[in-house]
Amino acid sequence: MLKVIRTKNYDDMSRKAANIIAAQVILKSDSVLGLATGSTPVGLYRELIRGYENGDLDFSHVRTVNLDEYQGLPREHDQSYYYFMNENLFKHININLDQTHLPDGTNMDAEGECGRYHELIESMGGIDLQLLGIGNNGHIGFNEPADAFADHTHCIRLTESTIKANARFFASEADVPRYAYTMGIGEIMTAKKILIVASGKAKAPIIREMLNGPVTPQVPASVLRFHKDVVLVADEEALSLV
Ligand code: F6R
């Protein structure tokens, strides 16, 4: 079942989504959290940091697996997702860094790295709560529109639309990596709960597609409608066409 929570704006979305993650961590202190990068979750990570600082949240037993990572960027590159997670969350909370995981973008052996990551997710006993953003083309993780839903972690070539959308973070469009490792739709769908966040007018058309269009790998996020426990927390602008 997909539940929609409509929020006033970005800050309201961030607080409400953070509260859902906070409840998960309070109820199960050794939760496995699936995490996302991108601009949408930054505010909710800030709220989680606040929750840690004021003593409500203890991350010492939490384990995390991130959705994706660019291939070929060193960890210290300020656009690597490894760097992003440290800057926006991990270094501000009491999480054990050994218990945080991302695909290793520096491993150029795609098959080996994807296999390792899939086994890692399995060995953690699955994901309790997976956080997702949504791309303007409906991608989740880096699962771009395609002819079929990918099952496991795999290496993808970014579409032109994603390269353009992400160019804002790099010196130029040419600097955006062309390949990335991403969890597959199958792995995402085995998470016990899924929380997807969206904000702003630019997301309105794809949110409409995701909620009301056909379930198709051409709109990867549409598959979430087949999951039994999904909540979309989105602001009024993102829901303006629904
Ligand atoms: C990030 C990720 C992507 C983003 C999506 C939306 O780990 O997997 O699918 O969630 O591109 O990005 P923003 O939030 O920047 O609009």
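Our subject is the structure that appears above.
Residues numbered from 1 in each chain as written. Predicted model: local features only at pLDDT ≥ 70, side-chain atom pairs only at ≥ 80, totals over all residues. Heavy atoms only, no water.

**Examining the overall build of the chain**
Regarding its fold elements, the chain presents seven helices and ten strands. For the chain, whose C-alpha radius of gyration is 17 Å, the value lies close to the compact-globule estimate of 18 Å for 242 residues. Dimensions along the principal axes, computed over C-alpha positions, put the chain at roughly 45 × 40 × 35 Å. Classification of the 242 residues of the chain by burial places 53% in the buried group. Element-wise, carbon and sulfur atoms account for 50% of the exposed surface of the chain, whose accessible area totals about 10700 Å². (Helix = DSSP H or I, 4+ residues; strand = E, 2+ residues; numbered from the N terminus. Rg over C-alpha atoms; globule rule 2.2 N^0.38 Å. Buried < 20%, exposed > 50% of the residue type's maximum accessible area, 1.4 Å probe, protein only. Areas by Shrake-Rupley, 256 points an atom, 1.4 Å probe, with all protein chains shown as cover.)

**Regarding helix α3 (residues 81-88)**
Among all positions of α3, only Tyr81, Phe84, Met85 and Asn86 are buried. Elements that come into contact with the buried residues of α3 comprise β2 (32-35), α2 (42-53), β3 (63-66), β4 (68-70) and α5 (160-166). (Contact = heavy atoms within 4.5 Å.)

**Here we look at the site of the ligand**
Near the ligand there are 14 residues, and of these Thr40, Asp68, His139, Gly141 and Lys203 occur at the shortest range. Interatomic distance of 2.8 Å between a backbone N/O atom of Ser39 and an oxygen atom of the ligand. The contact in question runs from an oxygen atom of the ligand to an N or O atom on the side chain of Thr40, over 2.4 Å. Relative to its unbound accessible area of 410 Å², the ligand is 91% covered by the protein chains. When each cavity is represented as a set of grid points, the ligand is found to reside in the largest pocket. (Near = heavy atom within 4 Å. Polar contact = N/O pair within 3.5 Å; in protein donor to acceptor, adjacent residues only side chain to side chain. 1 Å grid on protein atoms, 1.4 Å probe; cavity = no way out; pocket = protein on both sides within 12 Å on 5 of 7 lines; lining within 4 Å. Sits in = over half its atoms within 2 Å of the grid points.)

**A closer look at the sheet that holds strand β8 (residues 179-182)**
Picture the strands of a sheet paired through backbone hydrogen bonds; they go either parallel or antiparallel. The three strands are arranged β4-β8-β7 in an open sheet whose pairing can be described as antiparallel. On the outer flanks of this sheet lie β4 and β7 (154-157), each paired with one strand and no other. In this sheet, neighbouring strand axes are inclined to one another by 25 degrees on average, regardless of whether the strands run parallel or antiparallel. In the sheet, β4 pairs with β8 via three bridges, with the strands oriented antiparallel. Counted as the bridge partner of Asp68 is Thr182 from β8. (Pairing = 2+ DSSP bridges. Axes fitted to C-alpha atoms, helices over the stretch in contact; angles between N-to-C directions.)

**Observations regarding the layout of surface pockets**
The space that makes up the largest pocket amounts to roughly 680 Å³. Taken together, 35 residues make up the lining of the largest pocket; nearest its centre are Thr37, Gly38, Ser39, Asn166 and Arg168. Sorting the residues of the lining of the largest pocket by element identifies β4, α3 and α5 as the ones contributing at least two each. Top element by residues in the lining of the largest pocket is α3. It accounts for five residues. Residue composition of the lining of the largest pocket, by class: 13 nonpolar, 17 polar and five charged. (Points joined across faces, edges and corners; volume = space filled by probe spheres on them. Nonpolar A, V, L, I, M, F, W, Y, C, P; charged D, E, K, R; others polar.)

**Brief notes about the packing of aromatic side chains**
All told, the structure shown has four aromatic pairs when counted by the stated rule. Ring centres 5.8 Å apart and planes at 80 degrees place the aromatic pair Tyr70 and Phe170 in the edge-to-face group. Taken together, the residues Tyr70 in strand β4 and Phe170 in the loop between α5 and β8 connect sequence positions 100 residues apart. Accessibility classification places Tyr70 together with Phe170 in one group, the buried group. On the basis of an interplanar angle of 10 degrees and a centroid distance of 6.2 Å, the ring pair of Tyr81 and Phe142 is categorised as stacked. Here Tyr81, found in helix α3, pairs with Phe142, found in the loop between β6 (129-132) and β7; they are 61 residues apart in sequence, far enough to count as distant. Assessed through its relative accessible area of 11%, Tyr81 is described here as buried. Three or more aromatic residues joined by ring pairs form one cluster here, namely Tyr70, Tyr81, Phe142 and Phe170. (Phe/Tyr/Trp six-rings, centres within 6.5 Å; stacked < 30°, edge-to-face > 60°.)

**Overview of the pairing of β2**
Both faces of β2 are covered, namely the face carrying Val32 and Gly34 and the face carrying Leu33 and Leu35. One crossover worth recording links β2 to the parallel β3 by way of α2, and it is right-handed. Sheet topology note: the β2/β6 ladder contains two bridges and is parallel. Bridged to Leu33 within β6 is Leu129. (Right-handed = clockwise from strand over helix to strand, strands pointing away.)

**Brief notes about helix α7 (residues 204-212)**
Along an α-helix, residues three or four positions apart point the same way, because every turn accommodates 3.6 residues. Among all positions in α7, only Ala204, Ile206, Ile207, Met210 and Leu211 are buried. Along α7, the residues classed as buried sweep out an arc of 165 degrees about the axis, all on the same side. Of the surrounding secondary structure, the elements contacted by the buried residues of α7 are β1 (2-7), β9 (193-198) and β10 (230-235). (Arc of directions from axis to C-beta.)

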